[in-house]
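Observations on the three-dimensional arrangement
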Amino acid sequence: MASDVIFEYSQAELEDDYSDDSLFNISSWGADLSFRELISMYDEEELIKPELQRKYVWNKIEASRFIESLLMGLPVPSIFLAKSGSQQLIVDGYQRIMTVYDFVKRGVFSGDNKIFRLSNTERINQRWRNKAFSELSQDDQRKIRSTTIHAIVFEQKHPENDDTSMYQIFERINASGRTLTPQEIRNCVYQGPLNTLLFELNDYKPWRELYGSNIPDCRMRDIECILRFFVMKSSLVQESQNSRISLKKSLNQFMGLNRNATDEEINNYKEDFIITMSQIFESLGTSAFRNYNKNRYSKNFNPSLFDAVSVAFYEMIKKGNTFDNDMENLHKLLFDNPEFVKASKEQTTNLANIKARINIAKQILGRGGEHED
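The following refers to the structure shown. (Residues numbered from 1 in each chain as written. Predicted model: local features only at pLDDT ≥ 70, side-chain atom pairs only at ≥ 80, totals over all residues. Heavy atoms only, no water.)

1. Quick look at the sheet that holds strand E4 (residues 87–92)
One open sheet accounts for five strands, arranged E1-E7-E3-E4-E2; its pairing is mixed. The two strands at the open ends of the sheet, each matched to only one other strand, are strand E1 (26–34) and strand E2 (47–48). One ladder, built from five bridges, connects strand E3 (residues 79–84) with strand E7 (residues 148–156); its direction is parallel. Across the sheet, residue Leu81 finds its bridge partner in E7, namely Val153. Against the sheet, helix H2 (residues 35–43) touches E1, E2, E3, E4 and E7, its axis set at about 110° to E1. (Pairing = 2+ DSSP bridges. Helix = DSSP H or I, 4+ residues; strand = E, 2+ residues; numbered from the N terminus. Contact = heavy atoms within 4.5 Å. Axes fitted to C-alpha atoms, helices over the stretch in contact; angles between N-to-C directions.)

The structure is reproduced here in structure tokens:
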């Protein structure tokens, strides 16, 4: 299966943003750190990359030109770090830090696990072309180690308050030219057992089939869907008295509230997701979260449909429903229901519409199930 799954986000979700007073809980400062210091901090686990952060993605040319920039004394963009206790998480700058770490310390390029020699092309100055770190002059080696890079460090002043303040800060950072996705930011901010569980569940085979790719999404959108399932069935949504929600903020709040969930809570989350996705895959197959129109299923993953079907199945399973062989036909009936279609396309973050599409899905899909005594 292809690795690039296309999402049919509604306009309301594309425009979902927020700002609140939790931003006042953040302090920040600047620090100039040499690469000698950064390498030492990384070795001693004072500087860490967020758990299962996106992998090293630079190619040899990009990495070589960055090293060349250091050798030439050119300015390089700042990095962003988040202070967490005695450690600092790399929020933005992982590619730059690991490029120097690989070249200076490991001598192996992460992109291909071969000896790290600077690219042997005309794009690199002839003085350094095709050379490993050990083959550089002592002055050049010293220059790389002693070069400083400006770090902007953020710290949550009041950990007991809403952690979404850190999220909002990171969301506004765009130093690397590639803005972090919301879930990549959560992966930085909300380290803990729940974050680890999301990555574990993302490898669950029925879920990979339902998502539409065997390969985890490099921008963590599949992981965000798993979190979305937990949020949509939670009290944050089901018991909210607001007319609408900021889905982005609700996902952040859920991660913050449950970042240090107990083993029992983690096991419950795991069981809920696995049982639900397994039943959906068995009953509806790979088109469960795709729209149906003109006798054919869309190739695109629809998050609003995912909300409705996944939470409906979860609640039916909780009530002890069993499911017959007619579920696929019932699934198609969802798209003949004008109220369901409207609630899935218009104002999708409106609480009334969220609950409406979930309830309609339960009513229609529930015809294929029998309640056990």
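2. Describing the environment of Phe340
Turning to its location among the elements, Phe340 is positioned in helix H16 (residues 338–345). A relative accessible area of 2% places Phe340 in the buried class. Separated by 19 residues in the primary sequence, Phe340 and Asn359 have C-alpha atoms spaced 9.1 Å apart. (Buried < 20%, exposed > 50% of the residue type's maximum accessible area, 1.4 Å probe, protein only.)

3. Focus on the pattern of salt bridges
Tallying each qualifying case throughout the model produces 14 salt bridges. For the salt bridge of Arg142 with Asp139, the shortest nitrogen-to-oxygen distance reads 2.9 Å. One end of the pair, Arg142, and the other, Asp139, are both in helix H5 (residues 138–146), three residues apart, so they sit about a helical turn from each other. Classification of Arg142 as partly exposed rests on a relative accessible area of 42%. Its relative accessible area of 54% is what places Asp139 among the exposed residues. Measuring nitrogen to oxygen at the nearest pair gives 2.8 Å for the salt bridge that ties Glu224 to Arg186. Highlighted residues: Glu224 in helix H10 (residues 221–232) and Arg186 in helix H7 (residues 182–189), separated in sequence by 38 residues. The residues Glu224 and Arg186 share a single accessibility class, namely buried. Here the salt bridges share partners, and the residues they tie into one network are Arg228, Asp307 and Arg357. (Salt bridge = Lys/Arg side-chain N within 4 Å of Asp/Glu carboxyl O.)

4. Points about the packing of H2 against helix H4 (residues 94–106)
Close contact between H2 and H4 brings their axes to 10 Å; oriented N to C, the two are set at 90°. For the element pair H2 / H4, the angle class is roughly perpendicular. In this structure, H2 contributes Phe35, Leu38, Ile39, Tyr42 and Asp43 to the contact, and H4 contributes Arg96, Ile97, Met98, Val100, Tyr101, Val104 and Lys105. Partitioning the contact of H2 with H4 into residue classes produces nine nonpolar, no polar and three charged. (Parallel < 35°, antiparallel > 145°, perpendicular 65-115°, else oblique. Nonpolar A, V, L, I, M, F, W, Y, C, P; charged D, E, K, R; others polar.)

5. So, unusual backbone geometry
Of note, Asn130 is a non-glycine position whose phi angle comes to about 65°, a positive value. Its relative accessible area of 35% is what places Asn130 among the partly exposed residues. Positive phi, normally seen in glycine, also occurs at Gln347, with a value near 45°. Tracing the chain through its elements places Gln347 in the loop between H16 and helix H17 (351–365).

6. Here we look at the packing of aromatic side chains
Under the criterion given, the structure shown has 26 aromatic pairs. Ring centres of Phe103 and Phe116 lie 5.0 Å apart, and the angle between their planes is 75°; on these two criteria the pair is classed as edge-to-face. Here Phe116 lies in the loop between strand E6 (114–115) and H5 and Phe103 lies in helix H4, a separation of 13 residues in the sequence. Taken as a pair, Phe103 and Phe116 share a single burial class, namely buried. Between the aromatic rings of Phe229 and Tyr314, the centroid separation amounts to 6.0 Å while the plane-to-plane angle is 90°, which identifies the pairing as edge-to-face. Residue Phe229 is located in helix H10, and its partner Tyr314 is located in helix H14 (residues 303–318); the two are separated by 85 residues in the primary sequence. (Phe/Tyr/Trp six-rings, centres within 6.5 Å; stacked < 30°, edge-to-face > 60°.)

7. With respect to helix H3 (residues 60–72)
Here H3 spans 18 Å end to end across 13 residues, near enough to the 18 Å set by a 1.5 Å rise per residue. Buried within H3 are the following residues: Ala63, Ser64, Phe66, Ile67, Glu68, Ser69, Leu70 and Leu71. As for H3, its buried residues are in contact with H2, H4, strand E5 (108–109) and H5. Residue Asn59 occupies the N-cap position of H3, its side-chain oxygen lying 3.1 Å from the main-chain nitrogen of Ile61. Of the residues flanking the end of H3, it is Gly73, one or two places downstream, whose phi is positive at about 75°. (Expected span 1.5 Å × (residues − 1). Polar contact = N/O pair within 3.5 Å; in protein donor to acceptor, adjacent residues only side chain to side chain.)

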